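Each chain is listed here by its residues.
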Amino acid sequence: MSKHSYASGFLALALMSSSSAIANNNDEDAIKRGKYVMDIGGCVSCHTDKKNKGQHLAGGVALPTPFGTFYTPNITSDEKYGIGAWTTEQFIEAMTQGVAPDGSHYFPAFPYTSYAKMKRQDLIDLKAYLNTVEAVAEPTPNHDVPFPFNIREGMIVWKELFFDDSPFSPDPSKSTMWNRGAYLVNGPSHCVECHTSRNFLGGLDRDNLLAGEPKSPEGEKIPSLLISDGSEFSNWSHADTIFSLQMGMTPKGDFLGGSMGKVVTNTTGKMTEEDLQAIATYLGKPIKKKSAGKRD
C-alpha cells in the first residue's frame, strides 16, 4: 500500500471517528433536552401509577371521565407493551394527530389536542429520551368505557368538531417571553386541558379558555387562571405565581393539593426560572419594573 493510500485511510478513519463523536454528542444533547420536555409535559403524573406502586412511565393510571375510566399507556422502551418499536414519525403522529401506529384513533383523554401545538424538535427530543427509559413489560389495562363511547371510529367525527391540529404560531406583537408562555400553557404543559370546562361531548369550551372547571371528573374544583374574572388568581402577583408553581404554596400559605400537587411535583417544580416567568407573563402577570431612582 502506498503512503498516499495510508494517509487517505487514516484521514477517512479520523473523519469517521469525528462524525461518530459528534453524533453521540448530539444524541446526548437530544436526550437531555427530551428529559426536560418530558418534565414540562407532565408525563410522569399520568404515566406512572405511583398510587399502586407502578414502575416509571409504565402506565396504568386511571383517568375517570363522564364517559368512563381510561387507563394511561405504557410509554417505556419496551417493544411489545411500550413504544420502543415505534419510529420517531409514528410517535409524532400519535402526539400531534391522535393516531396510533396501527391507524386507530386515540381518545382525547390523551391530550394530543394540546400536544399538536408542540414543536417538531421538542417531539423528536422527547422520543430520544423515552428510548432510554428502562423497558417495562407491563400491558395497559383495558379502558372501562361503555358503548357507544368506546368506539374509536367515533373519534373521526369528534376530531372534525373539536380538534384544531394547527401548530403553535407566535404572536409577533408580543414579547419572546409571552410567546414562550403561550407555547407552554397551550402546548406541552397543556394547562388549558384541565383549567377549561368541556361540553357534553368532551370538547373544550374555547370561548372560556382557562376560566376554570367547577367540578372536574375527579370531583375537584379547578380554578380560573384569568385575571379578568375576580378569581383568587387574579389577585396574585408575578412573584406569587412563580412561587406557587415552584413550591406549591399560595400567597395565603395554603398548599396546592390534589391533581395540582402532582403538577407541581412532576412538572412546574422542575421548570426553569425562565419558563416559569414566561408562564406568569402569558397569564397576565408581567414583571414589575422598578421605578427610576428607587432603591431596594
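Thresholds, definitions, all that
- Counting restarts for each chain, with residues numbered from 1 along the sequence as it is written.
- Restriction of local features to residues with pLDDT of at least 70 applies here, the model being predicted, together with a cutoff of 80 or more for giving and counting side-chain atom pairs; totals for whole chains, interfaces and linings are based on all residues.
- Calculated side-chain values reflect all of the structure's heavy atoms, with hydrogen atoms and water omitted.
- Elements are defined by DSSP. Helices are runs of H or I of four residues or more, strands are runs of E of two residues or more, and each kind is numbered from the N terminus.
- For every residue, the accessible area obtained with a 1.4 Å probe (protein chains only) is divided by the maximum for its type, and the residue is called buried under 20%, exposed over 50%, and partly exposed between those limits.
- Counting rule applied: Lys, Arg positive; Asp, Glu negative; His and chain ends not counted.
- The salt bridge criterion pairs a side-chain nitrogen of Lys or Arg with a carboxyl oxygen of Asp or Glu, the two atoms within 4 Å.
- Contacts: residue pairs with any heavy atoms within 4.5 Å of one another.
- Each pair of strands is called paired provided DSSP finds at least two bridges between the two strands.
- pLDDT: the predictor's confidence for each residue, scored from 0 to 100.
- Throughout, the arc means that of the directions going from the helix axis to the C-beta atoms.
- Remark: nonpolar core denotes a set of buried residues (Ala, Val, Leu, Ile, Met, Phe, Trp, Tyr, Cys) joined through side-chain atoms within 4.5 Å.
- Think of a 1 Å grid over just the protein atoms. A cavity is a set of points where a 1.4 Å probe fits yet cannot get out, a pocket is an open set with protein on both sides within 12 Å along at least five of seven lines, and lining residues have an atom within 4 Å of a point.
- Grid points are joined across faces, edges and corners, and a volume is the space filled by probe spheres set on the points.
- Gly is put with the polar residues, along with every residue not named as nonpolar or charged; the nonpolar set is Ala, Val, Leu, Ile, Met, Phe, Trp, Tyr, Cys and Pro, and the charged set is Asp, Glu, Lys and Arg.
- Any pair of cysteine sulfurs within 2.5 Å is marked as a disulfide.
- Centres within 6.5 Å make a pair out of two Phe, Tyr or Trp rings, where for Trp the six-membered ring is used; the pair is then stacked when the planes are under 30 degrees apart, edge-to-face when over 60, and tilted otherwise.
- For a Lys NZ or an Arg CZ to count as sitting over a ring, it must be within 6 Å of the ring centre and within 35 degrees of the ring normal.

Caption draft 1: Region of the structure containing the side chain of Lys127. Its place among the elements puts Lys127 in helix α5 (residues 120-130). Of the buried charged residues, Lys127 lacks a salt bridge, with Glu79 as the closest side chain of opposite charge at 9.0 Å. Excluding residues within four positions of it along the chain, Lys127 makes contact with Ile83, Trp86, Thr87, Thr88 and Phe91.

Caption draft 2: Examining unusual backbone geometry more closely. Residue Phe147 is joined to Pro148 through a cis peptide bond whose omega torsion reads 5°. Among the secondary structure elements, Pro148 is positioned in the loop between α5 and α6 (154-162). Although it is not a glycine, Lys53 adopts a positive phi angle of roughly 60°. Relative to the elements of secondary structure, Lys53 occurs in the loop between α2 (43-47) and β1 (62-65). Exposure remark for Lys53: the relative accessible area of 78% places this residue in the exposed category.

Caption draft 3: Structural context of the pairing of strand β2 (residues 68-71). In this structure, β1 lies alongside β2, joined through 4 bridges in antiparallel fashion. Across the sheet, Ala62 pairs through a bridge with Tyr71, a residue of β2. Hairpin connection of β1 to β2: 2 residues between the antiparallel strands.

Caption draft 4: How the structure looks around the confidence of the model for the protein. Looking at the protein as a whole, its pLDDT mean stands at 88, while 87% of the residues score no less than 70. Across residues 1-25, where pLDDT falls below 50, the model places 1 contact with residues more than four positions away in sequence or in other chains. Note that pLDDT drops below 50 for residues 289-296; the model gives that stretch 1 contact with residues more than four away or on any other chain.

Caption draft 5: Representation of helix α9 (residues 238-247) within the structure. Of all the positions in α9, only His238, Thr241, Ile242, Ser244 and Leu245 are classed as buried. The buried side chains of α9 occupy one side of the element, clustering within an arc of 160° when seen end-on. Along α9, the residues that are exposed and aim more than 90 degrees away from the buried face are Ala239 and Met247. Looking at the buried residues of α9, the elements they touch are α10 (258-266) and α11 (273-282). Note on α9: the residue one or two positions beyond its end, Gly248, has a positive phi of about 75°.

Caption draft 6: The arrangement of the nonpolar core in detail. In terms of nonpolar packing, the biggest core is built from 37 residues, with Leu57 and Leu130 touching the most fellow members. Listed by contribution, the elements that provide at least two residues to this core are α1 (3-41), α2, α3 (88-97), α5, α7 (176-186), α8 (191-194), α9 and α11. Counting residues in hydrophobic clusters, the runner-up holds 13 residues, among them Tyr106, Phe107, Ala116 and Phe163.

Caption draft 7: Expanded view of the layout of surface pockets. Size it by volume and the second largest pocket reaches roughly 290 Å³. The wall of the second largest pocket is formed by 17 residues, among which Lys117, Phe168, Asn186, Arg206 and Leu209 lie closest to the centre. No other element matches α7, which puts 4 residues into the lining of the second largest pocket. Of the residues belonging to the lining of the second largest pocket, the class tally is 7 nonpolar, 5 polar and 5 charged.

Caption draft 8: How the structure looks around the environment of Gly212. Tracing the backbone shows Gly212 in the loop between α8 and α9. Contact partners of Gly212, with chain neighbours within four places excluded, come to His195, Thr196, Ser197, Ile222, Pro223 and Ser224.

Caption draft 9: Quick peek at the state of the cysteines. Inspection of the entire model under this criterion finds 0 disulfides. With no disulfide of its own, Cys43 has Cys46 as its nearest cysteine by sulfur position, at a separation of 8.4 Å. With no disulfide of its own, Cys46 has Cys194 as its nearest cysteine by sulfur position, at a separation of 7.6 Å.

Caption draft 10: Expanded view of the packing of aromatic side chains. Scanning the entire structure with this criterion turns up 10 aromatic pairs. Ring centres of Trp178 and Tyr282 lie 5.0 Å apart, and the angle between their planes is 65°; this geometry places the pair in the edge-to-face category. Of this pair, Trp178 sits in helix α7 while Tyr282 sits in helix α11, and the two are 104 residues apart along the sequence. Above the plane of the ring of Tyr183 lies Lys119, whose end atom (NZ or CZ) is 5.0 Å from the centre. Against the face of Phe233 rests Lys285, its NZ or CZ located 4.6 Å from the ring centre.

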